[in-house]
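Here is how the chains run, residue by residue.
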Amino acid sequence: MVDFGGWDMPLHYGSQIDEHHAVRSDTGIFDVSHMTVVDVAGPDASAYLRRLLANDVAKLAAPGKGLYGCMLNDSGGIVDDLITYRLTDGAYRVVVNAATRAADLAWMNDVATAFDASVTERPDAIMLAIQGPRAVELAVPLLPPSLRQEVAALEPFGCAEADGIFVARTGYTGEDGFEIILGEDAGLRLWDAAVEAGAAPCGLGARDTLRLEAGLCLYGQDMDTTKSPLVSGLGWTVAWEPSDRDFVGRGALEGEKKAGIPVKWVGLILDDRGIMRHGQRVVTSAGDGIVTSGGFSPTIQRSIALARVPGDAAGVCQVEIRNALRDARIVRPTFVRNGEILVEQDSD
Amino acid sequence: MSEVPQNLRYTSDHEWVRLEDDGSVVVGITDHAQEALGELVYVEAPEAGQEYGKGDACVVVESVKAASDVYAPISGECSESNGALADEPERVNQSPYEDGWLVRLIPSDPAEMEELMDADAYAQFLIDSDG
């Protein structure tokens, strides 16, 4: 067990590596109740979120859809990354990180003062993630009959809710699956039923290696309040149009873009032996960069990393691991998706 | 409770040492250490001929969580390291006292063995340091 944002959470339930493989090949279940669930409602709910978030909730044309993006400060730094779901015409559900909970809620309430919108944390919510190529077929029969048909038909980032159970086709593993928000009793029952049906209980360790292979950012490691989405591989989540939407941080991002973005966020694969870790120096022909997340990839069976490097860097590079320079290559920051290895494993 | 074999000597850094008939010593990390480190994914062992003073870092073990140094429990020269760990670092987790051994040293001062804890002392050390 480890302390994670004030929550006692298991790193693993026996073997982190076995849990990782279970999610890539079958089904795993994660208790992610540490995540902070915040409901936003009121006449100005949409206007408020269009001010608060760098992505534009107007893209959620109808209820039942979700959108990933960032909440920025006035300097364009990332306060948190989050998913916003549109529940009904005037109600949204926002899921933010646990470690940033207090800062997020303070900032959300601060920005909300100018709007007729309520910001309500749901501290009692249980959140379970059921992930893997067999997750959908495993999970659907465990849900209330009133939800099954709708949930089985959900597109990625789609969501549905009935009888106090909220289901979204989202995750943090690079595999298909659901994230499910529900009450405590129903959550305990669903956990037991999913494990009974063959889902492997998975801890924080596997969650981290799965998201690393999928090239998904981890707040606090890959980005923080001093980094904008434009240098964190998240430029695609910034909705620049319509140009008159004045979201928090827009001016700073426009200035940053105009000045030219000197760095980019990439993947690294280690050709030498060793393990890349957060904070290590990356040496490229265009100058130095830094590893933002690194570790061992159980799927690829070697070390992979996410890194911020000079914009012109490409091809081979070196990573300083424990005072030695080790050969690595710059690759697209998506290593594994839906069980498939997407990077070239051999250099030559 | 982790396993502490009687026939070994131990350090407070959770290395074990086994004296062989030929006077060499085999070094590894204890069951307690492998449990605390988590699943190993990489072991960087020294080349034969490397010399170490007592307490020098001689092996790097990296788990799914972090990298850790393993220190030479006594001074000596590395005569071999466990080559099987290059492809199967998990042997350290599965068999910390046998298949998961790390290096063999030729002691430069065999008397240093006497400064190490015996099994009973190490077992007590584990109990005392269990916070």
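Reading the values: the criteria
Residues numbered from 1 in each chain as written. Chains lettered and ligands numbered in written order. Predicted model: local features only at pLDDT ≥ 70, side-chain atom pairs only at ≥ 80, totals over all residues. Buried ≥ 20, exposed ≤ 12 C-beta atoms within 10 Å, placed from the backbone. Helix = DSSP H or I, 4+ residues; strand = E, 2+ residues; numbered from the N terminus. Contact = placed C-beta atoms within 7 Å. Nonpolar A, V, L, I, M, F, W, Y, C, P; charged D, E, K, R; others polar. Pairing = 2+ DSSP bridges. Axes fitted to C-alpha atoms, helices over the stretch in contact; angles between N-to-C directions. Domains from an automatic or database assignment.

A. Just helix α1 (residues 16-25) of chain A, in detail. Here α1 of chain A has its buried residues at Gln16, Glu19, His20, Ala22, Val23 and Arg24 of chain A. Packing partners of the buried residues in α1 of chain A comprise β3 (28-31), β9 (126-131), β13 (200-202) and α7 (204-214) of chain A.

B. The arrangement of unusual backbone geometry in detail. Residue and element names in this part refer to chain A. Geometrically, the link from Glu241 to Pro242 is a cis peptide bond, its omega value of -5° lying close to zero. With a phi close to 50°, Arg322 is a non-glycine residue in the positive phi region. Within the fold, Arg322 resides in the loop between β18 (316-321) and β19 (324-331). Given 15 C-beta atoms within 10 Å, Arg322 falls into the partly exposed group.

C. Examining the interface of chain A and chain B more closely. Of the residues lining the interface, 11 residues belong to chain A; the matching set on chain B comes to nine residues. At the level of secondary structure, the elements contributing two or more residues to the side of chain A that touches chain B comprise α1 and α7 of chain A. Among the residues making up the side of chain A that touches chain B, the classes are represented as three nonpolar, five polar and three charged.

D. Looking closely at the sheet that holds strand β7 (residues 67-71) of chain B. All names here are of chain B. Strand order across the open sheet formed by three strands is β4-β6-β7, with antiparallel pairing between neighbours. At either margin of the open sheet sits one strand with a lone partner, and together these are β4 (40-44) and β7. Taking each pair of neighbouring strands and ignoring which way they run, the sheet shows an average axis angle of 25°. With four bridges connecting them, β4 and strand β6 (residues 57-63) associate as antiparallel partners. In the sheet register, Val43 faces β6, and the bridge partner there is Val61.

E. Structural view of the domain arrangement of chain A. Residue and element names in this part refer to chain A. For chain A, the assigned domains read domain 1 (2-213) and domain 2 (216-341). In this complex, domain 1 contributes 38 residues to the contact, which on the side of domain 2 involves 37 residues. Broken down by secondary-structure element, the contributors of at least two residues to the side of domain 1 that touches domain 2 are α1, α2 (45-52), β5 (65-72), β6 (78-88) and α7. With five residues, α1 is the single largest residue contributor to the side of domain 1 that touches domain 2. Tallied by class, the residues present in the side of domain 1 that touches domain 2 amount to 14 nonpolar, 13 polar and 11 charged.

F. Looking closely at the environment of Val92 of chain B. All names here are of chain B. Looking at the secondary structure, you find Val92 in helix α2 (residues 91-94). A tally of 25 C-beta atoms within 10 Å means that Val92 is categorised as buried. Distance from Val92 to Thr30, taken between C-alpha atoms, is 9.1 Å for residues 62 residues apart in sequence. Not counting residues up to four positions away in its chain, the partners in contact with Val92 are Ile29, Gln34, Leu40, Val43, Val61, Leu85 and Gly100.

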